[in-house]
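Inside the fold
Now for the letters of each chain:
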Number of protein chains: 2
Amino acid sequence: MAEDILRTLGYLALGSRMKRLGETLQAQTQALVADTGADLPAAQYPLLEALERLGPTKIGVLAAVLGVAQPGVTRMVDKLEAAGWVETQRDNDDRRVRTVRLTATAARMLDQARKDVWPTIEAAVADACATGTGPLLDRLAALEDALKEAPLARRAAAGRKGGEDGRS
Amino acid sequence: MAEDILRTLGYLALGSRMKRLGETLQAQTQALVADTGADLPAAQYPLLEALERLGPTKIGVLAAVLGVAQPGVTRMVDKLEAAGWVETQRDNDDRRVRTVRLTATAARMLDQARKDVWPTIEAAVADACATGTGPLLDRLAALEDALKEAPLARRAAAGRKGGEDGRS
DNA sequence: ACCAGATATATAACTAGGTATATAAAAGCC
DNA sequence: GGCTTTTATATACCTAGTTATATATCTGGT
């Protein structure tokens, strides 16, 4: 196993390291979702959840609540619309505004996921984050180690095998 | 100020949140580098540092020590080579292998940066990470808050204004 | 009413990541 | 030596971020 240089660089490579960890978490989350048999775009979960909470929302607001740049949200929305997760329309009072809402199908699938998929994922990620107590860099290192040792899917499987009184 | 939905989603949006934070850190780091008048590709610092430490290295090994996928490294190397930071050549004993090394100019600039740029950056990031003591999510939230309140460039400036006995 | 400035979103351009696969070269086996 | 399998990297395709700018629309002042 090669030495992990990002770790030795400490704060100097924190940005790179967090992006890497974010990629890992998203990939493992999507794999875990697939394991449950669900067909959900895990990476877009925050956007879908925002729509669930806020109801019909314009693109600029979505960008603000998600803390990302507007053009990215425009593209994400276009993609989700093409895939049938959201639908959009121009606002009658201001033709610049495009309002995004969940399709009925998407709302149902999210409702279902809220019951059986997201709790599994949340528990698995929390489990991975439970190790380590030190400062931020140590916590990141601990999380990286934890994910490498036992990807989320394995943690979820362990949770299921442990029975109903498992990981709460 | 819009509510930050990623925060409310806790572990469910940890991957997205880390990628966002990584983007923020890298952007602020590059701005801070520009403030110092240096012309360094901050996002490629880990790769350049790896070459500094390991000497001439093949692409697969770079991918391994950086913990990223090989095609990304190929692309990064191509870009750095075009910009004069690295040079590559085929290995005589194994024509599949491409060996990457720093150019002499790059080595000098990195040497200089090691003295005057990276310590500034490291201190600023460490400063931003210093707040908060709770579990990982709280630590991330604290870091996000800290970066929003005072971007790295401002932290570095505060460090310089504080004089030589400032932030150690 | 007209115009300048502000605003919302689309588009352009770029960066940086992933997985999958293609191509070439090396290694190992018979 | 010939063939099959493995390995290293390039390439294809896709995703997801950014900043900058274009386009259309709205707002407010005169």
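No experiment lies behind these values; they were computed from the predicted model shown.

Moving on, we come to the packing of helix α4 (residues 59-66) of chain A against helix α5 (residues 70-82) of chain A. For any two helices packed against each other, one specifies the crossing angle of their axes together with the interaxial distance. Residues and elements named next belong to chain A. One way to put it is that α4 packs onto α5 with a least axis distance of 9 Å and a crossing angle of 115 degrees. On the basis of their axis angle, the class for α4 and α5 is roughly perpendicular. In the crossing of α4 with α5, the sense of the turn from one axis to the other is right-handed. Across the interface between the two elements, I59, L62 and A63 from α4 touch Q70, V73, T74 and V77 from α5. In the contact of α4 with α5, the residues fall into five nonpolar, two polar and no charged.

In this section: the domain arrangement of chain A. Residues and elements named next belong to chain A. What the domain assignment reports for chain A is domain 1 (12-38 + 117-168) and domain 2 (41-113). Each of domain 1 and domain 2 has a C-alpha centre, and the two are 26 Å apart. Taken residue by residue, the interface counts seven residues in domain 1 and seven residues in domain 2. Around 540 Å² of area is buried between domain 1 and domain 2 when both sides are counted, 64% of it from carbon and sulfur atoms. The interface formed by domain 1 and domain 2 holds zero salt bridges in total. A total of four residues in the side of domain 1 that touches domain 2 trace back to one element, the largest contributor, which is helix α2 (residues 14-35). Of the residues belonging to the side of domain 1 that touches domain 2, the class tally is four nonpolar, three polar and no charged.

On to the relation of the copies chain A and chain B, then. Once chain A has been moved 0.0 Å along the axis and rotated by 180 degrees, it coincides with chain B to within an RMSD of 0.0 Å. Taken together, the rotation and translation describe the operation of a two-fold axis. Closest approach to the rotation axis within chain A is made by the C-alpha atom of K19 of chain A, at a distance of 2.2 Å. The fraction of interface residues of chain A whose copies in chain B are also interface residues reaches 100%, indicating that both copies meet through the same surface.

Cut-offs applied
Residues numbered from 1 in each chain as written. Chains lettered and ligands numbered in written order. Predicted model: local features only at pLDDT ≥ 70, side-chain atom pairs only at ≥ 80, totals over all residues. Heavy atoms only, no water. Axes fitted to C-alpha atoms, helices over the stretch in contact; angles between N-to-C directions. Helix = DSSP H or I, 4+ residues; strand = E, 2+ residues; numbered from the N terminus. Parallel < 35°, antiparallel > 145°, perpendicular 65-115°, else oblique. Left-handed = near helix turned anticlockwise from the far one by under 90°. Contact = heavy atoms within 4.5 Å. Nonpolar A, V, L, I, M, F, W, Y, C, P; charged D, E, K, R; others polar. Domains from an automatic or database assignment. Buried area = accessible area lost by both parts, 1.4 Å probe. Salt bridge = Lys/Arg side-chain N within 4 Å of Asp/Glu carboxyl O. Least-squares fit on C-alpha atoms with pLDDT ≥ 70 in both.

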